[in-house]
Amino acid sequence: MKTAMKLTAAAAALATALGGSAALAQDTFVRIGSGVAGTYPIVGAKIADLINANIEGVHATTVAGGTEANFALMAQGEVDLLLTYSFLTPIVQRGEGSLGVPTPQARHLMTLYGALFQPAATASSGITSLAQLDDGEYRVWGANRTSIFYPMIVAALEAAGTSFEAIEAAGGVIEEIGYGDEAGAMQDGRLDVGFFSGPAPYSLLMQVENEPGIVLLGLSDEEIAAYSEILPGVSAGTVPAGTYAGQEADVTVPYVSNELVVSADLDEELVYKITQVLVEHHEEFHGLFAGADEITPAIMLKNAAVEVHPGAARYYDEAGIAAE
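It should be emphasised that the depicted structure is a prediction, and the values quoted were computed from it without experimental measurement.

Moving on, we get to the overall build of the protein. Helix and strand content of the protein: twelve helices and ten strands. Counting only C-alpha atoms and orienting by the principal axes, one finds that the protein spans roughly 95 × 35 × 35 Å. Put simply, of all contacts in the protein between residues at least 6 apart along the chain, 74% involve residues at least 24 apart. About 13900 Å² of surface is accessible on the protein, with carbon and sulfur atoms providing 52% of the total. Considering the protein, the positive charge centre built from 12 side chains and the negative charge centre built from 41 side chains are found 17 Å apart.

See the structure below:
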């Protein structure tokens, strides 16, 4: 009898211990680096909502911050997922980003939607091309070296035959205010030229298209080709005539892909479930902003410049989703 009682007590203790461990295992936190302005905070919030609503015991939250800063947090184990442009992921993975922090654990989870990189000048500045920026004392937004926009701006200037150094040598000023402050700075005269990336029309540019008015600074075919050599994976996109007030013709600009990156350290089964939820609920992204309707299973492996996480790869294989 005593032996039986001891066995029963031991079994109860084991069940309690296992139950406690299971509860702890289910109490999982996922942190999403979602940027500070534009479409990224919107997408990051929706990803968190979908994870929280559909994966029991998993609690997803967003982390505001610059893209390369979020990569650095991933390298430190402080961010599990992040939004970025696909061209940037292999650069930062190798430690060749502006922060110089290698993120070898960065893995592709899914391609989300494209964005048009839209340089714009205030109508009153008289600027009609990027090549003019070293011809006068212009105030140009240059982001900062930790921003995802920094390499995009550098590439655009180089493709047009100029640079930050040339602009400053001509008496111009390079401003490093926050991305979300660009529109206001153009409206109150603190900036002559800004750089925006998103759908067309884009909400931040729409703030200034009427007051003080904007001129899109398109790139020629030769400049697009040069841009693509600097940042592989970027192609030509078009902002159709009439997109913005006073825009009478189509404007050619760089087109980049947005990507959701996941840490290789995140559990394979959890990544499988996250991928499944985002694929099966992809239509919930549609309508969030212009261009969000591009988020479909057909493009989710497009422009994957780094290895796909095994958990995501397993789901895509089972679902019959392949790279184009």
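Glancing now at the packing of aromatic side chains. Taken as a whole and assessed by the stated rule, the structure comprises twelve aromatic pairs. For the pair Phe 117 and Tyr 227, a centre-to-centre distance of 6.2 Å together with 45° between the ring planes defines the contact as tilted. Here Tyr 227 lies in helix 10 (residues 221-230) and Phe 117 lies in strand 4 (residues 106-122), a separation of 110 residues in the sequence. Just as Phe 117 is buried, Tyr 227 falls in that class too. Ring centres 4.1 Å apart and planes at 20° place the aromatic pair Phe 149 and Tyr 179 in the stacked group. Linking Phe 149 in helix 5 (residues 149-159) with Tyr 179 in the loop between strand 6 (173-175) and helix 7 (182-187), this pair joins segments that are 30 residues apart in sequence. Across this residue pair, the class does not change: Phe 149 and Tyr 179 are buried.

Residue pairs three or four apart in sequence face the same way in an α-helix, which turns once every 3.6 residues. Of all the residues in helix 12 (residues 310-319), the buried ones are Gly 311, Ala 312, Tyr 315 and Tyr 316. Seen along its axis, helix 12 keeps its buried residues to an arc of 130°; they face one direction. Exposed side of helix 12, more than 90 degrees from the buried face: Asp 317 and Glu 318 are the residues found there. Lining the buried residues of helix 12 we find strand 4 and helix 11 (268-280). Just beyond helix 12, the residue with positive phi is Gly 320, at close to 75°.

Considering the arrangement of structural elements, one finds Thr 275 in helix 11. Residue class for Thr 275 comes out buried when judged on its relative accessible area of 0%. On a C-alpha basis, the gap between Thr 275 and Pro 104 in space is 21 Å, while along the polypeptide they are 171 residues apart. Each residue touching Thr 275, except ones within four places of it in the same chain, is listed here: Leu 109, Met 110, Ala 312, Tyr 315 and Tyr 316.

Now for the pattern of salt bridges. In this structure the tally under the stated criterion is ten salt bridges. The partner of Glu 268 in a salt bridge is Arg 314, and the shortest N-O contact between them spans 3.5 Å. One end of the pair, Glu 268, is in helix 11; the other, Arg 314, is in helix 12, with 46 residues separating them in the sequence. A salt bridge links Arg 314 to Glu 269; the shortest N-O distance between them is 2.8 Å. One end of the pair, Arg 314, is in helix 12; the other, Glu 269, is in helix 11, and 45 residues separate them in sequence. The class for Glu 269 is partly exposed, based on a relative accessible area of 37%. Several salt bridges share partner residues, and in doing so they unite Glu 268, Glu 269, Arg 314 and Glu 318 into one network.

As a further point, take the packing of helix 11 against helix 12. The geometry of helix 11 relative to helix 12 is characterised by a closest axis approach of 7 Å and an angle of 50° between their N-to-C directions. Considering the angle they form, helix 11 stands oblique to helix 12. Where helix 11 crosses over helix 12, the handedness of that crossing is right-handed. Contacts between helix 11 and helix 12 involve Glu 268, Glu 269, Val 271, Tyr 272, Thr 275, Gln 276, Val 279 and Glu 280 on the former and, on the latter, Pro 310, Gly 311, Ala 312, Arg 314, Tyr 315, Tyr 316 and Glu 318.

Cut-off values and rules
- Residues numbered from 1 in each chain as written.
- Predicted model: local features only at pLDDT ≥ 70, side-chain atom pairs only at ≥ 80, totals over all residues.
- Heavy atoms only, no water.
- Helix = DSSP H or I, 4+ residues; strand = E, 2+ residues; numbered from the N terminus.
- Contact = heavy atoms within 4.5 Å.
- Areas by Shrake-Rupley, 256 points an atom, 1.4 Å probe, with all protein chains shown as cover.
- Lys, Arg positive; Asp, Glu negative; His and termini not counted.
- Charge placed at Lys NZ, Arg CZ, Asp CG, Glu CD.
- Phe/Tyr/Trp six-rings, centres within 6.5 Å; stacked < 30°, edge-to-face > 60°.
- Buried < 20%, exposed > 50% of the residue type's maximum accessible area, 1.4 Å probe, protein only.
- Arc of directions from axis to C-beta.
- Salt bridge = Lys/Arg side-chain N within 4 Å of Asp/Glu carboxyl O.
- Axes fitted to C-alpha atoms, helices over the stretch in contact; angles between N-to-C directions.
- Parallel < 35°, antiparallel > 145°, perpendicular 65-115°, else oblique.
- Left-handed = near helix turned anticlockwise from the far one by under 90°.

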